Amino acid sequence: MKPAAIFIAIFVAIFVPMFLSLMPILSGERWRAAQERARARRIAEARMNARLLRLNI
């Protein structure tokens, strides 16, 4: 087989299932909710880091 065909086969086998698994996440409401949860998690982590810095730990 040609190296290009092997590369394309590997690419399709790896990246297409990953892309298809992300499709429901990318749809409107669920995507927005996931973004909000991630934002809240980052804010909570930043607050914890600020507390630890104030306590000098």
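Source: prediction; values computed, not measured.

Reading the values: rules and limits
- Residues numbered from 1 in each chain as written.
- Predicted model: local features only at pLDDT ≥ 70, side-chain atom pairs only at ≥ 80, totals over all residues.
- Heavy atoms only, no water.
- Helix = DSSP H or I, 4+ residues; strand = E, 2+ residues; numbered from the N terminus.
- Buried < 20%, exposed > 50% of the residue type's maximum accessible area, 1.4 Å probe, protein only.
- Areas by Shrake-Rupley, 256 points an atom, 1.4 Å probe, with all protein chains shown as cover.
- Patch = residues over 30% accessible without salt bridge, like charges linked within 9 Å, V, L, I, M, F, W, Y side chains within 5 Å.
- Salt bridge = Lys/Arg side-chain N within 4 Å of Asp/Glu carboxyl O.
- Expected span 1.5 Å × (residues − 1).
- Lys, Arg positive; Asp, Glu negative; His and termini not counted.
- Charge placed at Lys NZ, Arg CZ, Asp CG, Glu CD.

K.L.:
I keep staring at the overall build of the chain and nothing clicks. Help me out?
P.N.:
When you go through the chain residue by residue, the secondary structure sums to two helices and zero strands. When burial is assessed residue by residue, the chain has 2% of its 57 residues classed as buried. Surface accessibility of the chain: about 5,500 Å² in total, with carbon and sulfur atoms responsible for 69%.

K.L.:
Hey, could you run me through a nonpolar patch on the surface in this one?
P.N.:
Taken together, the side chains of Ile 6, Phe 7, Ile 8, Ile 10, Phe 11, Val 12, Ile 14, Phe 15, Val 16, Met 18, Phe 19 and Leu 20 define a hydrophobic patch exposed on the protein surface, amounting to about 1,200 Å² of accessible area. Tracing the chain through its elements places Ile 8 in helix α1 (residues 3–22).

K.L.:
Could you clarify how one ought to interpret helix α2 (residues 28–55) in this entry?
P.N.:
Along an α-helix, a turn takes 3.6 residues, which lines up residues three or four apart on a common side. Taking 1.5 Å of rise per residue, the 28 residues of α2 would be expected to cover 40 Å, and the 41 Å separating its terminal C-alpha atoms lies within 8% of that figure. Phi for Asn 56, located one or two positions after α2, is positive at around 60°.

K.L.:
I keep staring at a positive patch on the surface and nothing clicks. Help me out?
P.N.:
On the surface, a cluster of positive charge is contributed by Arg 37, Arg 39, Arg 41 and Arg 42. Relative to the elements of secondary structure, Arg 39 occurs in helix α2.

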